[in-house]
There are 4 protein chains.
Amino acid sequence: MDEAIPANFFEEVQTVRFQHCDPAGIVFYPRYYEMLNLTVERFFESHIGWSFHQLHMDLHVTVPTVRIETDFFEASWLEDRLQFQLRLDRIGRSSLTFNISCRCGDEERLKAIITLVCIDFTKKKAVPWPDRIRSRIEAILANAVTVPA
Amino acid sequence: MDEAIPANFFEEVQTVRFQHCDPAGIVFYPRYYEMLNLTVERFFESHIGWSFHQLHMDLHVTVPTVRIETDFFEASWLEDRLQFQLRLDRIGRSSLTFNISCRCGDEERLKAIITLVCIDFTKKKAVPWPDRIRSRIEAILANAVTVPA
Amino acid sequence: MDEAIPANFFEEVQTVRFQHCDPAGIVFYPRYYEMLNLTVERFFESHIGWSFHQLHMDLHVTVPTVRIETDFFEASWLEDRLQFQLRLDRIGRSSLTFNISCRCGDEERLKAIITLVCIDFTKKKAVPWPDRIRSRIEAILANAVTVPA
Amino acid sequence: MDEAIPANFFEEVQTVRFQHCDPAGIVFYPRYYEMLNLTVERFFESHIGWSFHQLHMDLHVTVPTVRIETDFFEASWLEDRLQFQLRLDRIGRSSLTFNISCRCGDEERLKAIITLVCIDFTKKKAVPWPDRIRSRIEAILANAVTVPA
């Protein structure tokens, strides 16, 4: 009976603020993408051990998003406490795929499948993940339990 | 030889501004969703004949997005002139589906498939499109030529 | 020798994220206003005891900003840990004035003097602060030590 | 009787969009700063003849804002057509000061006094305006009529 949180799992809590809401009083959907991006940013810092700033400065790479699929199930309201539950799913030669479910209490608000790639600043094209990043990600995935979609 | 632009087609040009760009000098992807939303907003005004404000005030409905699938093919840079080419694809009981391709010159920068739904402000749930909106959308689709995906 | 933090003082820490930065790699100044607004939002919750949402729902007022004076002294960079130090300065019939200094370590990054007013949702005009808000603010100011500008 | 528009005057029209509005249905004030910045950006392109991108690429300078004073007189609503009327007021060794009045019809919505400075990318400090920029700005100001504050 292992209740440990798998290594490929991460939760980031974000509160809905005035700046996120539209005239209907609910989160304007482009603002969710700032929250999703911040969740990925925080995962890199806490689990992979490299912040976006360190990726830029030390490894000269940036990790833009190349594909997102998002389903918005329920609206979110001012001051809702949103739990962004990220699961790292797959590493490719230069890509990485995440599944993020955003919940508020028992309700799932949205689900996103995000793929990003590793781009070299100088070459301005996709490159294989630097070894130090790849080995860290593979360790995370090796330790991961299988979570049903 | 009909060269007319089909009724379900709309183009909105938006220039990449300082406010859209990130430290890598390219458009930060959440900003694209503001641009995509504006494209849909402008289509409602120019083709359907109801602005978002009029939908709220006169028909008491709002049209949140419930699903988006986006592929980002190439980065966009400061002052790029982006053509957002929208194609209205399908109407459901209370939904509407668009396909938007964003191009800069010969290059496709991103592609999005967007579904939105008609929500009643008071009931706070999905309702069938008001007749005046539905008849207008059906007229647009009837006039449309078939465009391959 | 009273080292207690005066009641009219509040600090909110915010980290500079990718979403705040421009192509020069520094915070794009309009993003600072989201951070300043969030600082005021958080002060209302923690010190006045009413969140913006509760102001809307329970008291039918909103508190828009009517004047800001801002000096930007130094640039902020990705992942800087910014301390927004708010000082509540003055209450008027329907106004409230704050002084916010944003620091990173020993460096002052910016300073803002913000005035907001209490607007009634229905009347759509400035109204005197509701008694429950006014008495709370006056208690905070009465307890406050004098802080030199 | 000279009715010509003075050279130091520029107007940029921007429509209030869904993305600018808050739960009170009015423009969220941080969004005004994106509009103000865009007005300055457009003035540089059309009157000074250098876009922000060209300033970066060709002259290796950036022009961050160092001071803004803003008075918000009236709220703006979804789909309002806002006229941002910019007046270039003064050039310093490395600074530039603008006065921008935002109007909707007969109503003044806000007024901002903005000072920006010329920063060298490499030195990361304020530098005198490059000659080509200074001579252009001085020509604009020489031609300017006096406009009362």
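Our subject is the structure listed above.
*Asks:* Explain the sheet that holds strand β5 (residues 95-104) of chain A here, please?
*Replies:* One key point about sheets: their strands pair by backbone hydrogen bonds, in either a parallel or an antiparallel sense. Taken in spatial order, the 10 strands of this open sheet run β1(A)-β4(A)-β5(A)-β6(A)-β3(A)-β3(B)-β6(B)-β5(B)-β4(B)-β1(B), and their pairing is antiparallel. This sheet does not close on itself; its edge strands, each paired only once, are β1 (9-15) of chain A together with β1 (9-15) of chain B. In this sheet, adjacent strand axes meet at a mean angle of 20° when their direction is disregarded. Contacts between helix α1 (residues 29-48) of chain A and the sheet are confined to β1, β3 (65-72), β4 (81-91), β5 and β6 (107-117) of chain A together with β3 (65-72) and β6 (107-117) of chain B, with β1(A) contributing the most and set at about 135° to the helix.

*Asks:* Help me understand the interface of chain B and chain A in this model?
*Replies:* When the parts of a complex come together, some accessible area is lost, and that lost area is often used as the size of the interface. Each partner contributes to the interface: chain B provides 22 residues, whereas chain A provides 22 residues. Overall, the association of chain B and chain A removes approximately 2000 Å² of surface from exposure, summing both partners, and the carbon and sulfur fraction of that is 55%. Applying the counting criterion to the chain B and chain A interface returns six salt bridges. Across the pair B:Glu69 and A:Arg67 runs a salt bridge whose closest N-O atoms are separated by 3.2 Å. At the surface where chain B touches chain A, the tally comes to 10 residue pairs in polar contact (both at pLDDT 80 or more). When contributions to the side of chain B that touches chain A are tallied by element, the ones reaching two or more residues are α1 (29-48) and β3 of chain B. When residues in the side of chain B that touches chain A are grouped by element, the largest group, eight residues, is from β3(B). Residues of the side of chain B that touches chain A, tallied by class, amount to 12 nonpolar, four polar and six charged. Sheet topology places β3(A) next to β3(B); five bridges connect them, and they run antiparallel. What sits directly across from A:Glu69, in β3(B), is B:Glu69.

*Asks:* Quick question: what am I supposed to make of unusual backbone geometry here?
*Replies:* Most of the time, phi is negative for any residue but glycine, and the peptide bond is trans. Residues and elements named next belong to chain A. The residue Glu 79 is not glycine, and still its phi comes out positive at about 75°. Take Glu 79: it is sitting in the loop between β3 and β4. A residue is classified by how much of its surface remains accessible, and Glu 79, at 22% relative accessible area, is partly exposed. Its identity as a non-glycine residue notwithstanding, Lys 124 has a phi of 50°, on the positive side. As for its position among the elements, Lys 124 is in the loop between β7 (119-120) and β8 (125-126).

*Asks:* Help me out: how do you make sense of the pairing of strand β1 (residues 9-15) of chain D in this one?
*Replies:* Two faces, one strand: in a regular strand the side chains alternate between the faces of the sheet. Residues and elements named next belong to chain D. The two faces of β1 differ: Phe 10, Glu 12 and Gln 14 on one face are buried, but Phe 9, Glu 11, Val 13 and Thr 15 on the other face are not. Where β1 and strand β4 (residues 81-91) come together, seven bridges link them in antiparallel fashion. When the sheet's bridge partners are listed, Thr 15 is paired in β4 with Arg 81.

*Asks:* Explain the relation of the copies chain D and chain A to me, please; I cannot follow it from the model alone.
*Replies:* One copy of the chain maps onto the second through a rotation around an axis plus a translation along that axis. With an RMSD of 0.0 Å, the fit of chain D onto chain A corresponds to turning through 180° and sliding 0.0 Å along the axis. What the superposition gives is, in effect, a two-fold axis relating one chain to the other. With an isologous cut-off of 70% or more, the 100% of interface residues of chain D that recur at the interface of chain A puts this contact in the isologous class.

*Asks:* Would you explain the packing of aromatic side chains in this entry?
*Replies:* Here the distance between the centres and the angle between the planes together describe a pair of aromatic rings. The final tally for this structure, using the stated rule, is 46 aromatic pairs over all chains. Residues A:Tyr33 and B:Tyr33 carry aromatic rings whose centres are separated by 3.8 Å and whose planes lie at 5° to one another, so their mutual orientation is stacked. Within this pair, whereas A:Tyr33 is found in helix α1, its partner B:Tyr33 is found in helix α1, the two belonging to separate chains. Here A:Tyr33 and B:Tyr33 have matching classes, each one buried. Ring centres of C:Tyr29 and C:Phe72 lie 5.8 Å apart, and the angle between their planes is 55°; on these two criteria the pair is classed as tilted. Here C:Phe72 lies in strand β3 (residues 65-72) and C:Tyr29 lies in helix α1 (residues 29-48), a separation of 43 residues in the sequence. Taken as a pair, C:Tyr29 and C:Phe72 share a single burial class, namely buried.

*Asks:* In this structure, what is going on with the environment of D:Pro64? I would like to understand it.
*Replies:* Residue and element names in this part refer to chain D. Examined against the element boundaries, Pro 64 turns out to sit in the loop between β2 (61-62) and β3 (65-72). Taking C-alpha positions, Pro 64 is 9.9 Å from Ser 95, a pair spaced 31 residues apart along the chain. In this view, Pro 64 contacts Leu 116, Val 117 and Ile 119; residues no more than four positions away in its chain are not counted.

*Asks:* I would appreciate a short explanation of helix α2 (residues 52-59) of chain D in the present structure.
*Replies:* Since the α-helix advances by 3.6 residues per turn, residues separated by three or four positions end up pointing in the same direction. Every buried residue of α2(D) is accounted for by D:Phe52, D:Leu55, D:His56 and D:Leu59. Buried residues along α2(D) cover an arc of 120° about the axis, so they all sit on one side.

*Asks:* Please clarify how the relation of the copies chain B and chain A should be interpreted in this entry.
*Replies:* Under the fitted operation, chain B is carried onto chain A by 0.0 Å of movement along the axis and a turn of 180°, and the coordinates agree to an RMSD of 0.0 Å. The share of interface residues of chain B whose copies in chain A are also at the interface is 100%, consistent with both copies meeting through the same surface.

*Asks:* Whenever I open this one, the interface of chain D and chain A confuses me. Can you help?
*Replies:* Listed per partner, the contact involves eight residues of chain D and eight residues of chain A. In this assembly, chain D packs against chain A so that about 830 Å² is buried in total across both faces, 73% of it on carbon and sulfur atoms. Among the residues chain D hides against chain A, the three largest losses belong to D:Phe18, D:Pro23 and D:Phe28. Together they make up 57% of the total. Taken together, the links from chain D to chain A amount to zero salt bridges. Seen at the junction of chain D and chain A, the total is two residue pairs in polar contact (both at pLDDT 80 or more).

*Asks:* What is the right way to look at the pattern of salt bridges in this model?
*Replies:* Think of it this way: side chains of opposite charge can pair up when their charged atoms draw near. Applying the stated criterion across every chain yields a total of 52 salt bridges over all chains. Close ionic contact of D:Glu45 with D:Arg42 constitutes a salt bridge, the shortest N to O distance being 3.7 Å. With D:Glu45 and D:Arg42 both in helix α1 (residues 29-48) and three residues apart, this pair spans about one turn of that helix. Exposure remark for D:Glu45: the relative accessible area of 25% places this residue in the partly exposed category. Between D:Asp89 and D:Arg87 there is a salt bridge; the shortest N-O distance is 2.7 Å. For D:Arg87, a relative accessible area of 12% translates into the label buried. A single network of salt bridges, built from pairs that share partners, joins A:Arg67, A:Glu69, A:Asp71, B:Arg67, B:Glu69 and B:Asp71.

*Asks:* What is the right way to look at the pairing of β3(C) in this model?
*Replies:* Pairing between β3(C) and strand β6 (residues 107-117) of chain C: seven bridges, direction antiparallel. Within β6(C), the residue paired with C:Thr65 across the bridge is C:Leu116.

About the criteria used
Position numbers for residues start from 1 in each chain and track the written sequence from start to end. Here chains are named by letter from A upward and ligands by number from 1 upward, in the order in which they appear as written. Reporting in this predicted model follows two pLDDT cut-offs: at least 70 for local features of residues, and 80 or more for side-chain atom pairs to be given and counted; totals over whole chains, interfaces and linings ignore these cut-offs and use all residues. Computation of side-chain values: all heavy atoms of the structure, hydrogens and water removed. By this definition, two strands are paired if DSSP reports at least two bridges between them. Numbering of helices and strands runs from the N terminus; a helix is a DSSP stretch of H or I covering at least four residues, while a strand is a stretch of E covering at least two. To get an axis, fit a line to the C-alpha atoms, keeping to the stretch in contact for a helix; angles then go from 0 to 180 degrees between the N-to-C directions. Contacts are assigned to residue pairs that have any heavy atoms within 4.5 Å of one another. Values labelled buried area give the accessible surface lost by two parts on being combined, using a 1.4 Å probe and summing over both. Definition used for salt bridges: Asp or Glu carboxyl oxygen within 4 Å of a side-chain nitrogen of Lys or Arg. Polar contact is defined as a pair of N or O atoms within 3.5 Å, subject to the rule that within protein one atom must be able to donate a hydrogen and the other to accept it, and that residues adjacent in sequence are counted only when both atoms are side-chain atoms. Residues are sorted three ways: Asp, Glu, Lys and Arg are charged, Ala, Val, Leu, Ile, Met, Phe, Trp, Tyr, Cys and Pro are nonpolar, and all the rest, Gly among them, are polar. Residue exposure (1.4 Å probe, protein chains only): buried if accessible area is under 20% of the type maximum, exposed if over 50%, otherwise partly exposed. Alignment of copies: least-squares fit on C-alpha atoms of residues with pLDDT of at least 70 in both copies. Any Phe, Tyr or Trp ring, taking Trp's six-membered ring, that has another such ring centre within 6.5 Å forms a pair; planes under 30 degrees apart are called stacked, those over 60 apart edge-to-face, and the others tilted. The directions from the helix axis to the C-beta atoms are what the arc is built from.

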